[in-house]
Every structure is written in structure tokens, then in C-alpha cells.
Amino acid sequence: MRKIVLFLTASLAGLWLVGERGALLRPSTRRWIREAGGWRALLSPTWWHGYIYARWTNQYLLWAVKFVLPHTHTTPDKPLWAETYHAKILTTEAAKALVSINQDIPHCDLEQLIPFNAAREIVLSGPPDIAVYECPCRHTRDNPCQPTQVCMVMGQPFVDFILEHNPDSSRRISQTEALDLLQAEHDRGHMHAAYFKDATLNRFYTICNCCKCCCAGIEAMVKHGVPMVISSGYVAQVDEMACTACGMCEDVCPFEAIEVSDVSTVAWEKCMGCGVCASQCASDAIELVLDARKGQPLDVHTLVAAPA
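Procedures and definitions
- Residues numbered from 1 in each chain as written.
- Predicted model: local features only at pLDDT ≥ 70, side-chain atom pairs only at ≥ 80, totals over all residues.
- Heavy atoms only, no water.
- Helix = DSSP H or I, 4+ residues; strand = E, 2+ residues; numbered from the N terminus.
- Buried < 20%, exposed > 50% of the residue type's maximum accessible area, 1.4 Å probe, protein only.
- Contact = heavy atoms within 4.5 Å.
- Phe/Tyr/Trp six-rings, centres within 6.5 Å; stacked < 30°, edge-to-face > 60°.
- Lys NZ or Arg CZ within 6 Å of the ring centre and 35° of its normal.
- Pairing = 2+ DSSP bridges.
- Axes fitted to C-alpha atoms, helices over the stretch in contact; angles between N-to-C directions.
- Parallel < 35°, antiparallel > 145°, perpendicular 65-115°, else oblique.
- Left-handed = near helix turned anticlockwise from the far one by under 90°.
- Nonpolar A, V, L, I, M, F, W, Y, C, P; charged D, E, K, R; others polar.

A.B. asks: Would you explain the side chain of T140 in this entry?
C.D. replies: Tracing the backbone shows T140 in the loop between α7 (136-139) and β3 (149-154). Assessed through its relative accessible area of 7%, T140 is described here as buried. Leaving out residues up to four positions away in the same chain, T140 has contacts with N58, L61, L62, V65 and K66.

A.B. asks: What am I meant to see in the packing of aromatic side chains here?
C.D. replies: Any aromatic ring pair is given by two values, namely how distant the centres are and how the planes are angled relative to each other. Overall, the coordinates contain 16 aromatic pairs when judged by the stated rule. Between W16 and W48, the aromatic rings sit 5.8 Å apart at their centres with planes inclined by 75°, giving edge-to-face as the arrangement. Taken together, the residues span a long stretch of sequence, with W16 in helix α1 (residues 2-19) and W48 in helix α3 (residues 45-55) at a distance of 32 residues. Under the relative-accessibility criterion, W48 is labelled partly exposed at 32%. When the ring centre of W268 is taken as reference, the NZ or CZ atom of K294 above it lies at 4.2 Å.

A.B. asks: Is there a simple way to think about the pairing of β3 in this case?
C.D. replies: Within a regular strand, the side chains alternate between the two sheet faces. For β3, the tally of buried residues reaches five of six residues, placing the bulk of the element in the interior. As judged from the five bridges shared by strand β2 (residues 130-134) and β3, these two strands associate in the antiparallel manner. Bridge assignment links V132 to a residue of β3, and that residue is M152. Looking at chain direction, β3 and strand β6 (residues 203-210) are connected through two bridges and run antiparallel. Bridge assignment links M152 to a residue of β6, and that residue is I207.

A.B. asks: Hey, could you run me through the packing of helix α6 (residues 92-100) against helix α9 (residues 175-187) in this one?
C.D. replies: Two packed helices can be described by the angle between their axes and the distance between those axes. Two numbers describe how α6 lies on α9: the axes approach to 9 Å, and their chain directions differ by 165°. As judged from the angle between their axes, α6 and α9 are roughly antiparallel. Crossing hand, α6 versus α9: right-handed. Between α6, through T92, A95, K96, V99 and S100, and α9, the contact on the second element is made entirely by Q175, A178, L179, L182, Q183 and H186. For the contact of α6 with α9, the class distribution of residues is five nonpolar, five polar and one charged.

A.B. asks: Would you mind going over the packing of α3 against helix α8 (residues 158-165) with me for this structure?
C.D. replies: Two numbers describe how α3 lies on α8: the axes approach to 10 Å, and their chain directions differ by 55°. Between α3 and α8, the crossing angle belongs to the class labelled oblique. Here α3 contributes Y51, A54 and R55 to the contact with α8, which in turn contributes F161, I162 and H165. Grouping the constituent residues of the contact of α3 with α8 by class yields four nonpolar, one polar and one charged.

As C-alpha cells, this is what we get:
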């Protein structure tokens, strides 16, 4: 028994040193522990979940895509992680506002924006720290979309954690570089999503720039019916007189919300208001319009003005 205990202790210590890249405790890990409530946070499976997720994100998403998502359709109710790990679609304008804010965003009640039971806060110190790192969803695919370094981590302690623990696949970027990245992904026909997770201190932590062929969140939503993606608050509207029925919007829509016959038709219940169809329409026949039935947009200026 003693040998078993020693073996397990040595193994866990070895894994910890691997996770901390040879250090006993890196500063970002210490800060994460402190913000999670102190050393007692290490007794929580949620903290360890967040640590594994952030430290080995590629492996985490690969496991989720290969082994978790294929079985979610057999679950009678939506899986628990749909309540604790989810995304709010952002228009390109909203995403740019979020990365370029120069004021603090305190704890905010986002119940009207993110109708889930957990992980609904934005906490940023303006201007926010931003790092870009390799998209784990694209790395799970055999022939991923390019480029792959398009996921933007925002705020502390997450930015420093990614930089310290994954230095070869991440880098700090300026607000200008972040804006350029968002525009480039928009031009490629990719959508923006603000992700929230209970295991990352119950708050917003990243803007993902998602393509329909690689994104695990889109796959969970469209293929497996997991309601983990929330509308931007907008819906696509087609100008039938301008539409040429070229079919581009149907091809690029991440949520299979558009069908084309004589003109493009938008399925209101499927449309998440990402704006990909509008950005790719050569005839400028599609625009995004506010729709109160789709919820409220994530308007960062409103959040800044809101009382703490």
C-alpha cells in the first residue's frame, strides 16, 4: 500500500510539474487560485476542470469532438455542460467594440443576454489584455481552415495563463492587431462568438472566430441539437428584389438557416444573427436587423454604463 501511495504521489507531482512547465507554481496559476477563492479552490473539481481545459485545450477539444459530442443525441435532456459552457454570437461591430474598450467592465448581470444558469459575467480591466492562440477546434480536424491562430483570450488571469503555459502556440497582441484579426476573419466568412464557462471563473474569457467546418460549438448546435449558442439579437433579412439566388448564403451559413430556390429564404428559428451571409453576399441583398424575440445584443457600451 505504501508503495502505491508513493507511486501515486510521485505521478501526481510529475503531472503537476508538466502542467506548470517545470515550475512549482507559475504566477498566473497563483492568481487564478486566488481569484477562485484561495487554496481551497484546489478541492473543487471545477477548478481542475478549468486548469486542464486551459492548459491542454487542444487535447480537451479533441476528446470532446471524438467522444462526447457523438453521444449527446442519446441524452433525453440537454447535457449539463450546455448550462456551463456556451457562446453568445457577436456581430463584427460588437466584437470590435469588446476588444477596443478602454474602460473597466465590472461584474454585470447578463441574464437578459445569456439565458443560462452559470457563467454569465464579463470582468475586464480596460484596455483589456489580449492574447491570440491556436484554435483547438481547427486542430481537431484533418484539414483545418487556415490560419489556425485565431482564438483571442481576453482578460486576466487567462491571458497570462495561456502565455505562460502555452508559449509556443500563443502570443500577446495589441488592440489594433485584435481589430485586424477580427476583420480578416470576417472577410473570410467566419463568425465571432464570445464564450463563457463556469470553469473559467464563471465569466467570459475568449472571442472565438469560428468556421462552420471546424467549430465544435457549431457542430454541437447543428448536428447534435445542443443549445449552447445564443443569438446575437439580430436576424438576417433578405431583400428579394436584390437577391440573385446565387446560393452563396446557403453555402456559408453556419447554422443551416438559409435555403435558396427563386430567392433566399431565412428560417427564423435557426438564424443566430452571425452576419456571415450578409458579409458574403455579392449582391448586398442581406442585412442584419434587430429582433427583440432573439434576445438582446451584447452591447459593451451598455455594460460599461451599467452600475456595478
